[in-house]
Amino acid sequence: MKNLFSTLIILSALTYGIDLNAREAVLFGNVFDEENKPLEMVSVSVMNTTIGTVTDENGYYRLNLEHDKKHTVVYSYLGYKSKEVDIILSRNESKQKDITLEIMVTHLPDIEIRDRHTLSSHITRIDPTHIEKLPGPLTGVESLLKTFPGVSSVSELTTQYSVRGGSFDENLVYVNGIEIYRPFLIRSGQQEGLSFINSDLISSINFSAGGFDARYGDKMSSVLDIKYKTPRDFGGSASMSLLGGSLHLEGRAFNDERLGYLIGVRHKTNQYLLGTLDVEGEYQPTFTDVQAFLTYAINNKWSLDFLGNYSQNNYFFEPEVQKTRFGYFDDPRQLTVYFDGQEVDRFTTAMGALSLNYDHNDDLKLQLIGSIFQTDENETFDIFGQYLMHRVGTDFGEDDYGEPTGKPLAAGAFLEHARNYLNAVVWNIQHKGIWDMDNNVIRWGVKYQHEDIYDRLREWTLIDSAGYSIPSDPEDEIILNDFVQSRQNLISNRFSGYIQNNWEFDIDRGKFVFIAGIRGNYWDFNDQLLFSPRSTLLFKPANRPNLVLRASAGLYHQPPFYRELRDLEGNLNKDIKAQESLHFVLGSDLDFIAWNRPFKFTSEVYYKHLKNIIPYELDNVRIRYYAKNSAEGYATGIDLKLHGEFVPGIDSWASLSLMKTEEKILYEDPDGNMVMSDYVPRPTDQLINFSLYFQDFLPRNPTYKVHLGMFYGSGLPFGPPTFERHKDTLRMPAYRRVDIGFSKQLIGQQTSFSQKNPLRHIESMWLTAEVFNILQINNTISYMWIKDVQNRLYAVPNYLTRRMLNVKLVVRF
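Quantities reported herein were computed from a predicted structural model and do not represent experimental measurements. (Residues numbered from 1 in each chain as written. Predicted model: local features only at pLDDT ≥ 70, side-chain atom pairs only at ≥ 80, totals over all residues. Heavy atoms only, no water.)

Undergrad: Which residues make up the packing of aromatic side chains, and what values do they have?
TA: Scanning the entire structure with this criterion turns up 31 aromatic pairs. Taken together, Tyr181, Phe184, Phe373, Phe561 and Tyr562 form an aromatic cluster joined through their ring pairs. Over the face of the ring belonging to tryptophan 523 we find arginine 494, whose NZ or CZ atom lies 4.0 Å from the ring centre. Here the guanidinium or amino end of lysine 641 rests over the ring plane of tryptophan 653, the centre of that ring lying 5.1 Å away. (Phe/Tyr/Trp six-rings, centres within 6.5 Å; stacked < 30°, edge-to-face > 60°. Lys NZ or Arg CZ within 6 Å of the ring centre and 35° of its normal.)

Following this line, the structure appears as structure tokens:
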């Protein structure tokens with residue numbers, strides 16, 4: 001760790017090692033908006049160098065430049081179109097250059113945008129270009145989200161994430177206004193295939209960690225809103241690595257160019273990555289998907305969009321042996337397991353959506369959207385394991401130092417069996433509208449959804465330890481442990497709608513934006529009608545234009561989906577009600593200048609009151625619900641983020657979250673009485689979560705870059721496998737991980753080729769070497785529970801991936 005931090009300090013110091021004596025020319029001037037008002041905090045930088053500054057309150061800037069050399073000076077400001085100017089200055093020349101920036105009217109790919117101009121809100125916009133730069137085993141939007149405050153994950157193998165103490169199932173995901181679903185039966189990150197979101201196709205990313213608008217759906221924690229590109233010209237990209245590859249093409253078709261196409265193909269295999277796990281064996285995971293987004297302009301007001309996806313995720317696993325070290329330094333243990341059997345899983349999903357759009361002079365927009373989603377999931381395994389647990393020798397002078405020694409502390413066997421099949425079809429039709437009336441914007445929508453889910457479960461575990469079966473009855477009849485068998489067919493209908501208004505008004509003290517709306521939801525399965533009012537107030541003081549204050553409050557109901565309905569025995573609870581969360585959020589954004597570079601400090605403090613909560617057990621990424629509204633609780637915390645140019649001319653950020661979430665659970669005591677427990681930590685209770693995304697480059701050669709991702713999350717609660725949530729008060733070790741990538745730009749703007757060279761069509765080419773888990777830390781994702789000969793229970797950790805090297809090539813054309 002010390003060597004890593006020393007390296008970072010040296011790299012940062014090199015960044016500032018600029019030869020000032022070579023700069024004997026000066027460029028200065030002012031930057032104005034279209035109304036000839038000076039713009040403060042405009043970034044003025046020289047392309048492909050570390051030279052840069054920002055304008056002061058009068059819009060003034062000054063740059064020292066090297067003489068007799070061509071420089072491309074870039075003027076950029078949030079909410080305005082960037083402008084590039086080529087400059088050549090002679091020795092000792094001082095030149096004035098005044099610049100006027102135009103307001104940007106299209107989607108902005110910067111970090112946070114709060115209204116049509118400069119006022120902020122609770123929706124965070126994320127630059128999608130950072131996705132491919134962040135090092136890590138998973139490349140996608142979800143990996144980038146994990147670097148933001150309030151978002152946590154304790155596994156590098158999964159795209160699932162928890163937001164402010166919520167479960168994985170409490171996060172909304174939209175692509176082009178279509179709600180996205182994930183497979184139901186996945187129980188581990190190893191099985192998990194590709195995320196639906198194809199990062200090569202993304203135009204914009206919006207994210208809210210709480211207090212979001214009424215126009216977003218009925219879940220309690222967060223919303224991720226993705227928009228895919230609308231193709232203008234022909235282009236594409238291709239990437240290859242040791243973990244898979246991707247290809248995407250985009251452009252316009254036919255002579256009139258009315259048809260736009262955006263097509264992406266991805267293939268992923270985790271075989272190389274899974275080879276670093278403790279369980280050795282034959283891993284054959286293959287995940288493939290194809291996506292297409294087509295747009296057709298019927299005329300200047302009407303258009304038709306189609307979004308389609310087909311995904312095939314196959315997972316074959318034949319384990320052989322597992323050797324896991326655990327325990328204390330002075331009393332280490334080793335569990336050795338010899339396996340026989342195999343696991344074969346298949347998850348096939350398909351989605352199609354058709355949208356008819358009407359755009360009347362940008363003030364009125366109407367949409368009619370129909371979509372269908374289908375998933376066919378098969379999870380089958382028969383795995384037999386025989387295990388031995390020994391002490392590990394700790395005496396340097398003995399031959400058995402570092403090796404299992406002595407008599408076995410535990411010996412036994414287990415057999416795990418599953419034949420689980422699920423088929424689900426979800427289709428819906430919805431209408432959305434936006435009416436922009438200058439100072440207020442009205443949004444509305446209605447939706448009907450039909451669900452048809454068929455589910456057949458049959459799984460059990462047999463445990464035999466030290467020659468006897470656990471558990472067994474007095475007549476030696478073997479009782480299977482954790483036996484589940486059910487067959488369910490759920491057909492239901494949902495109706496939902498919302499209306500929302502955005503008011504914008506100015507007073508002498510500053511500018512206000514007030515957003516208020518209400519959602520309604522009805523589900524015929526439990527005959528429950530719900531209303532959810534939500535509101536946000538934003539204020540930008542006139543005397544502090546670099547500060548934005550905001551407050552949000554709202555009621556968030558989450559009607560159960562299929563998994564929340566199904567209890568531990570596989571039965572459906574028809575009396576279950578929607579979970580409820582009341583949000584209160586206070587936040588601020590502060591833009592400031594430090595070391596002549598722009599920064600933004602974002603803070604939010606929140607409190608969520610939780611009612612009618614459905615308790616659940618979390619094992620790896622598998623959630624098993626109790627299917628009862630038997631808990632109430634809270635989540636509270638503070639999220640902090642510092643974003644800016646840690647190194648001149650390149651973005652980095654650090655995020656820190658402090659959070660506490662607990663619940664009281666109604667349970668049956670040994671006497672058969674229903675008792676409410678004291679507060680116990682929820683499965684996602686994580687006091688501290690810190691992440692850092694850092695970028696740097698060589699000052700004299702910016703085509704060499706380094707990207708670093710650092711994560712720390714304090715331990716999550718867990719407990720013995722008794723399905724008694726109120727007893728889950730133990731803590732896993734903290735999650736700690738550092739990934740680093742070193743990139744070299746092989747082809748870029750400064751590269752030139754002859755007209756006959758086919759490489760002239762390539763816009764950029766980057767080669768990256770990545771080291772995952774560079775500190776070689778054993779992070780725990782779950783536990784295997786075994787008993788020794790004295791009937792004592794041991795929690796043996798299941799570790800995540802170890803250090804690994806990856807090589808990646810990314811080409812854009």
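That shown, we press on.
Undergrad: How would you summarise the nonpolar core if you had to cite specific residues and measurements?
TA: With 57 residues, the main nonpolar core has Val141, Ile197, Leu224, Ile226 and Tyr228 as its most contacted residues. Excluding residues within four positions of it along the chain, tyrosine 228 makes contact with Val175, Asn176, Phe196, Ile197, Asn198, Leu201, Ile202, Ser203, Leu262, Gln291, Phe293 and Leu307. Within the second largest apolar cluster, 34 residues are counted, among which are Val279, Ile383, Ala410 and Tyr794. (Core = buried A, V, L, I, M, F, W, Y, C linked by side-chain atoms within 4.5 Å. Buried < 20%, exposed > 50% of the residue type's maximum accessible area, 1.4 Å probe, protein only. Contact = heavy atoms within 4.5 Å.)

Undergrad: Residue-level account of empty space enclosed by the protein, with values.
TA: It is a probe the size of a water molecule, rolled over the atoms, that shows where empty space is left. Inspection of every chain in the model, using the stated rule, returns eight cavities of 30 Å³ or more. Around the largest cavity, the lining comprises 22 residues; the ones closest to its centre are Lys146, Ser155, Glu156, Phe711 and Tyr735. Secondary-structure elements contributing two or more residues to the lining of the largest cavity are strand E10 (151–152), strand E38 (688–698), strand E39 (701–713) and strand E42 (735–747). Taken together, the residues that form the lining of the largest cavity break down as nine nonpolar, nine polar and four charged. (1 Å grid on protein atoms, 1.4 Å probe; cavity = no way out; pocket = protein on both sides within 12 Å on 5 of 7 lines; lining within 4 Å. Points joined across faces, edges and corners; volume = space filled by probe spheres on them. Helix = DSSP H or I, 4+ residues; strand = E, 2+ residues; numbered from the N terminus. Nonpolar A, V, L, I, M, F, W, Y, C, P; charged D, E, K, R; others polar.)

Undergrad: So, unusual backbone geometry: which residues are in play, and what are the values?
TA: For asparagine 176, which is not glycine, the phi torsion reads 55 degrees and is therefore positive. The residue asparagine 176 is located in the loop between strand E12 (171–175) and strand E13 (178–179) in this model.

Undergrad: An account of the side chain of histidine 390 is requested, with residue identities and associated values reported.
TA: Counting through the fold element by element, histidine 390 comes out in strand E22 (residues 364–392). On the basis of relative accessibility, which here comes to 14%, the residue histidine 390 falls in the buried class.

Undergrad: Break down the environment of glutamine 695 for me, citing the residues and quoting the values.
TA: Structurally, the position occupied by glutamine 695 is in strand E38. In sequence terms glutamine 695 and valine 26 are 669 residues apart; their C-alpha atoms lie 28 Å from each other. If sequence neighbours within four positions are ignored, glutamine 695 has contacts with His130, Lys133, Val647, Ile650, Asp651, Ser652, Val706 and His707. One polar contact links glutamine 695 to tyrosine 693, side chain to side chain, over a distance of 3.3 Å. (Polar contact = N/O pair within 3.5 Å; in protein donor to acceptor, adjacent residues only side chain to side chain.)

Undergrad: Could you give an account of the pairing of strand E29 (residues 547–558), naming the residues involved and the relevant values?
TA: Counted residue by residue, E29 has nine buried out of 12 residues, so it is predominantly covered. Taking the residues between adjacent antiparallel strands as the criterion, strand E28 (residues 528–541) and E29 are bridged by five residues. Note that E29 and strand E30 (residues 579–594) share 12 bridges and pair antiparallel. Each bridged residue has a counterpart across the sheet, and for alanine 553 the counterpart in E30 is phenylalanine 584. (Pairing = 2+ DSSP bridges.)

Undergrad: Just give me the short version of the environment of threonine 780, but keep the residues and values in it.
TA: Inspection of the secondary structure assignment puts threonine 780 in strand E44 (residues 780–787). Look at threonine 780 and you get buried, because its relative accessible area is 8%. Linking threonine 780 and alanine 734, residues 46 residues apart in sequence, is a C-alpha distance of 8.3 Å.

Undergrad: How would you explain the pattern of salt bridges if you had to name every residue and give the values?
TA: According to the stated counting rule, one finds 37 salt bridges in the structure shown. Ionic pairing is found between lysine 70 and aspartate 86, a salt bridge with its closest N-O pair at 3.7 Å. Taken together, the residues lysine 70 in strand E5 (residues 70–76) and aspartate 86 in strand E6 (residues 83–88) connect sequence positions 16 residues apart. Using a relative accessible area of 54% as the deciding quantity, one classes lysine 70 as exposed. By relative accessible area, aspartate 86 is classed as partly exposed at 46%. One salt bridge connects arginine 550 with aspartate 589, and the closest N-O pair in it is separated by 3.2 Å. Within this pair, whereas arginine 550 is found in strand E29, its partner aspartate 589 is found in strand E30, the two being separated by 39 residues in sequence. Pair check on accessibility: arginine 550 and aspartate 589 agree, each one buried. Salt bridges linked by common partners bring Arg164, Arg550, Asp589, Glu604 and Asp639 together as one network. (Salt bridge = Lys/Arg side-chain N within 4 Å of Asp/Glu carboxyl O.)

Undergrad: Explain the sheet that holds strand E2 (residues 43–46) to me, and be specific about the residues and the numbers.
TA: One open sheet holds the four strands; their spatial order is E3-E2-E5-E6, and the pairing between them is antiparallel. The two strands at the open ends of the sheet, each matched to only one other strand, are strand E3 (52–54) and E6. Neighbour-to-neighbour, the strand axes of this sheet turn through a mean angle of 20 degrees, independent of strand direction. Here E2 pairs with E3 via three bridges, running antiparallel. Residue pairing across strands places serine 43 opposite valine 54, the latter belonging to E3. (Axes fitted to C-alpha atoms, helices over the stretch in contact; angles between N-to-C directions.)

Undergrad: Can you lay out the sheet that holds E12 for me, pointing to particular residues and giving the numbers?
TA: Read across the sheet, five strands follow the order E9-E14-E15-E12-E13 without closing on themselves; strand pairing throughout is mixed. A single partner strand is all that each edge strand has here, and the edge strands are strand E9 (124–126) and E13. Bridging between E12 and E13 involves two bridges; their strand directions are antiparallel. Pairing of tyrosine 174 across the sheet is with glutamate 179, part of E13.

Undergrad: Go over a negative patch on the surface, please, and point to the residues and values.
TA: A contiguous patch of negative charge, built from Glu280, Glu282, Glu318, Glu320 and Asp340, is present on the exposed surface. Looking at the negative patch, the elements that each hand over two or more residues are strand E19 (279–297) and strand E20 (302–328). (Patch = residues over 30% accessible without salt bridge, like charges linked within 9 Å, V, L, I, M, F, W, Y side chains within 5 Å. Areas by Shrake-Rupley, 256 points an atom, 1.4 Å probe, with all protein chains shown as cover. Lys, Arg positive; Asp, Glu negative; His and termini not counted. Charge placed at Lys NZ, Arg CZ, Asp CG, Glu CD.)

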